[in-house]
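# Tertiary structure, described
So the chains spell out like this:
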Amino acid sequence: MNGICEGPIISIRGLHKRFGPQEVLTGVDLDIGSCESLVILGRSGCGKSVLLKLITGLIKPDQGSILFEGEDSTKFNRQKLFDMRMNFGMLFQSAALFDSMTVGENVGLPLVKHVHKSDEEIREIVLEKLRLVGLTDVYDSYPAALSGGMKKRVGLARAVVMEPQVVLYDEPTTGLDPIMADVINTMIRELQHELDITSIVVTHDINSAYRVGDRMTMLHEGKIIYSGTPEEMRGTDNEIVRQFIEGRAEGPVRAV
Amino acid sequence: MKIFAMLGRFFLGFIEEIGGMFLLLWRVIQLAPRLFRNIGNILIQMEKIGIGSIPLVLITSVFVGAVASVQAAYQFQGYIPLRFLGAVVGKSVTLEVGPVLTALVVGGRVSAAIAAEVGTMKVTEQIDAMEMIAIDPVEYLVLPRLVAATLMLPVLTVFADFLALVGGMVVARLAVGVSFSTFEDGLTMFFRYQDLVGGLLKTFVFGFIIAFMGCYNGFRTKGGAEGVGMSTMKAVVSSCLLILITNYLLAFLIFSVIFAPD
């Protein structure tokens, strides 16, 4: 770790968000340290993805603040949000590749739009990122020709192509077979170490969480109810967390 | 009470839709100076919207011209000499049938295609992905489609007007027995350039409506496949309705105010 890895890069305070009558987040407080790999666990539909979208400014909170490098991003105008997002990369649950573009065009699009480089230089950078995810041979393929795992890997290459400070992963292993899930988990870890980035991983896959996380948090009923290292989480006596990591229907959390 | 609640919901929904449209329109106006950065994308859309619609416009126009000839000749029987057939077909094609019918058939094709494409991008998080890589979806998706449709619909209408007149002329010769020269004489007899220009002026607005309603409904898509289907339907219905309503308003403005007969 070097100097840039000190202190929190994102601080969330009193974050509330509701959709119609449904209150999704009811006061989230969370600090995310530079260069750490933070996992946000929680049941499906508990608001994990909403939290990611709030952090990136894709949606606005009803109340609360999100400080990115000391500035409240909830007050940013559109241009400042775009400037902030240049420091972010995101791997979407469905990979969200642009299906009218080839893999090379998908990964290279942020460079084409924001970096003054020649086509050849951009191609080199794209190939380098595709090499990181082991997919140089699909450069000219369209997303429709790729498997789910390959799409996620291309999405990962696109997320890191601008060498962002923070990479956000929305359910990175959902819908993948266990072997491919492990490939993705390993890549998340490797990218974090190679590029010195902060990772925020939202998942309900507990195995994946233990593989990628430096710190584990749990979102439940709109609040962060737990934060600790993977080891601490394994030994926790928090009943809600225990029920979740052991995958039990019986416990304080009603299954249905 | 239920009826009042329903009416209230309908009214609020209507206001929300209008507000959403104006917000998108305002964003488009704000981004208009960036038009020239997107020339490549605009050309691609012009090809998709313009060249891609030619077969549909070709078939529609020829048959519309043909039926205009047959119907006019039928209504002339015993009252009006057939040498005026070209005048009536020409006037109806350049003033109304050419612009409006082209807008309706191209609108069905193009606004549905845009709404389905943008809607699918919305539900598969591609729009969010675009935002995340700091690309404005309105600049990248809406602006090029709006410009392309606004510029291409008049071109398609010129093409449609010409084909409809040819269709009308051929049918007049084959089915009604009016020679090409008689039809042509009729065509030029009452021709005013304002008819053609006025008809084409309307199509700039129709082209804008087609792309705008496609994009707007695409951006409003919620849910999955059903949501995309719903947006596509709304885009087609709303663009067709708006074309018909603005056609009346524009016809009034252009032919009763701007090109008012002396």
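Bringing the overall build of chain A into the picture now. Scanning chain A for helices and strands turns up 9 helices and 10 strands. A compact globule built from 256 residues would reach a C-alpha radius of gyration of about 18 Å, and chain A, at 18 Å, matches this within 12%. Principal-axis analysis of the C-alpha atoms gives chain A an extent of 55 × 40 × 40 Å. The 256 residues of chain A split such that 42% are buried.

What follows deals with helix H5 (residues 148-160) of chain A. Residue and element names in this part refer to chain A. Look at H5: 19 Å from first C-alpha to last across 13 residues, which is about the 18 Å you get at 1.5 Å a residue. Taken across its 13 residues, H5 has 11 buried, putting it largely inside the fold. Regarding H5, the residues found buried are Met150, Lys151, Lys152, Arg153, Val154, Gly155, Leu156, Ala157, Arg158, Ala159 and Val160. Contacts from the buried residues of H5 go to strand E6 (88-91), helix H3 (103-114), helix H4 (119-132), strand E7 (166-170) and helix H6 (178-195).

A word on the nonpolar core. Membership of the largest hydrophobic core comes to 127 residues, with the highest contact counts inside it found for Leu51, Leu168 and Ile200 of chain A together with Ala149, Ile210, Ala211 and Cys215 of chain B. Sequence-distant contacts of Ala149 of chain B, that is, excluding residues within four places in its chain, are made with Ile49, Val110, Gly207, Phe208, Ile210 and Ala211 of chain B.

Moving on: the interface of chain A and chain B. Each side of the interface is counted separately: chain A has 15 residues, and chain B has 10 residues. Of all the secondary structure elements, the ones that give two or more residues to the side of chain A that touches chain B are helix H2 (78-85), E6 and H3 of chain A. If you tally residues by element for the side of chain A that touches chain B, the top one is H3 of chain A, at 4 residues. A class-by-class count of the residues in the side of chain A that touches chain B yields 10 nonpolar, 3 polar and 2 charged.

What holds strands together in a sheet is hydrogen bonding between their backbones, with the strands either parallel or antiparallel. All names here are of chain A. Here we have 4 strands laid out as an open sheet, ordered E2-E1-E4-E5, and antiparallel in their pairing. The open sheet has two free edges, formed respectively by strand E2 (22-33) and strand E5 (71-72), since each of these has just one partner strand. Inspection of the sheet shows strand E4 (residues 63-68) paired to E5 by 2 bridges, in the antiparallel sense. Bridge assignment links Leu67 to a residue of E5, and that residue is Asp72.

Taken residue by residue, a regular strand's side chains alternate between the two faces of the sheet. Residue and element names in this part refer to chain A. Across 4 bridges, strand E3 (residues 37-41) lies against strand E9 (residues 215-220) in parallel orientation. Paired with Leu38 across the bridge in E9 is Arg215. Pairing analysis gives 5 bridges linking E9 to strand E10 (residues 223-228), with the strands arranged antiparallel. Counterpart to His220 in the pairing with E10 is Lys223. Here E9 folds back onto E10 in antiparallel fashion, the turn holding 2 residues, of which Glu221 has a positive phi close to 45°.

The next thing to look at is the sheet that holds E9 of chain A. Residues and elements named next belong to chain A. Ordered by their spatial adjacency, 6 strands build an open sheet running E6-E7-E8-E3-E9-E10, and the pairing between neighbours is mixed. Each end of this open sheet is capped by a strand with a single partner; those strands are E6 and E10. Shown here is a sheet whose adjacent strand axes are inclined to one another by a mean of 20°, direction ignored. Sheet analysis places E7 next to strand E8 (residues 198-203), joined by 5 bridges and oriented parallel. Across the sheet, Val166 pairs through a bridge with Thr198, a residue of E8.

Residues and elements named next belong to chain A. With a phi angle near 70°, Cys35 is a residue other than glycine that sits in the positive phi range. Note on placement: Cys35 falls in the loop between E2 and E3. Owing to 20 C-beta atoms within 10 Å, Cys35 belongs among the buried residues under this scheme. Positive phi outside glycine occurs at Glu163, with the angle close to 50°. For Glu163, the location among the structural elements is in the loop between H5 and E7.

Side chains three or four residues apart in an α-helix point the same way, a direct result of the helix having 3.6 residues per turn. Between the first and last C-alpha of helix H1 (residues 2-31) of chain B there are 43 Å, a value that for 30 residues agrees with the 44 Å anticipated at 1.5 Å per step. In terms of burial, H1 of chain B is largely open, as just 0 of its 30 residues are buried.

Model confidence for chain B is summarised by a mean pLDDT of 93, while 100% of its residues fall at 70 or above. In the model output, the complex is listed with pTM 0.88 alongside ipTM 0.88.

Looking now at the environment of Ala159 of chain A. Residue and element names in this part refer to chain A. Structurally, the position occupied by Ala159 is in helix H5. Sequence-wise, Ala159 and Lys129 are 30 residues apart; in three dimensions their C-alpha atoms are separated by 9.6 Å. Setting aside anything within four residues of it in sequence, one finds Ala159 in contact with Gly89, Met90, Leu91 and Val167.

Our next topic: the pairing of E2 of chain A. Residues and elements named next belong to chain A. Here strand E1 (residues 8-19) runs beside E2; their pairing, made up of 9 bridges, is antiparallel. Bridging from a neighbouring strand, Pro8 pairs with Gly33 of E2. Here E1 folds back onto E2, and the loop between the two strands holds 2 residues, one of which, Gly20, carries a positive phi near 60°.

Turning next to the environment of Met169 of chain B. Residues and elements named next belong to chain B. Position of Met169 among the secondary structure elements: in helix H6 (residues 137-176). Exposure remark for Met169: the 25 C-beta atoms within 10 Å place this residue in the buried category. Sequence separation between Met169 and Met6 is 163 residues; the distance between their C-alpha atoms is 53 Å. If we skip the residues at most four places from it in the chain, Met169 touches Phe180 and Phe183.

Next up on the list: the packing of H3 of chain A against H4 of chain A. Residues and elements named next belong to chain A. In contact at an axis separation of 9 Å, H3 and H4 are set at 125° when each is read in the N-to-C sense. As judged from the angle between their axes, H3 and H4 are oblique. The way H3 lies across H4 gives a crossing that is right-handed. Note on element contacts: H4 touches H3 through Ile122, Ile125, Val126, Lys129 and Leu130, opposite Gly104, Val107, Gly108, Leu111 and Val112. Within the contact of H3 with H4, the residues separate by chemical class into 7 nonpolar, 2 polar and 1 charged.

The rules we used
- Residues numbered from 1 in each chain as written.
- Chains lettered and ligands numbered in written order.
- Predicted model: local features only at pLDDT ≥ 70, side-chain atom pairs only at ≥ 80, totals over all residues.
- Helix = DSSP H or I, 4+ residues; strand = E, 2+ residues; numbered from the N terminus.
- Rg over C-alpha atoms; globule rule 2.2 N^0.38 Å.
- Buried ≥ 20, exposed ≤ 12 C-beta atoms within 10 Å, placed from the backbone.
- Expected span 1.5 Å × (residues − 1).
- Contact = placed C-beta atoms within 7 Å.
- Core = buried A, V, L, I, M, F, W, Y, C linked by C-beta atoms within 7 Å.
- Nonpolar A, V, L, I, M, F, W, Y, C, P; charged D, E, K, R; others polar.
- Pairing = 2+ DSSP bridges.
- Axes fitted to C-alpha atoms, helices over the stretch in contact; angles between N-to-C directions.
- pLDDT = per-residue confidence, 0-100.
- Parallel < 35°, antiparallel > 145°, perpendicular 65-115°, else oblique.
- Left-handed = near helix turned anticlockwise from the far one by under 90°.

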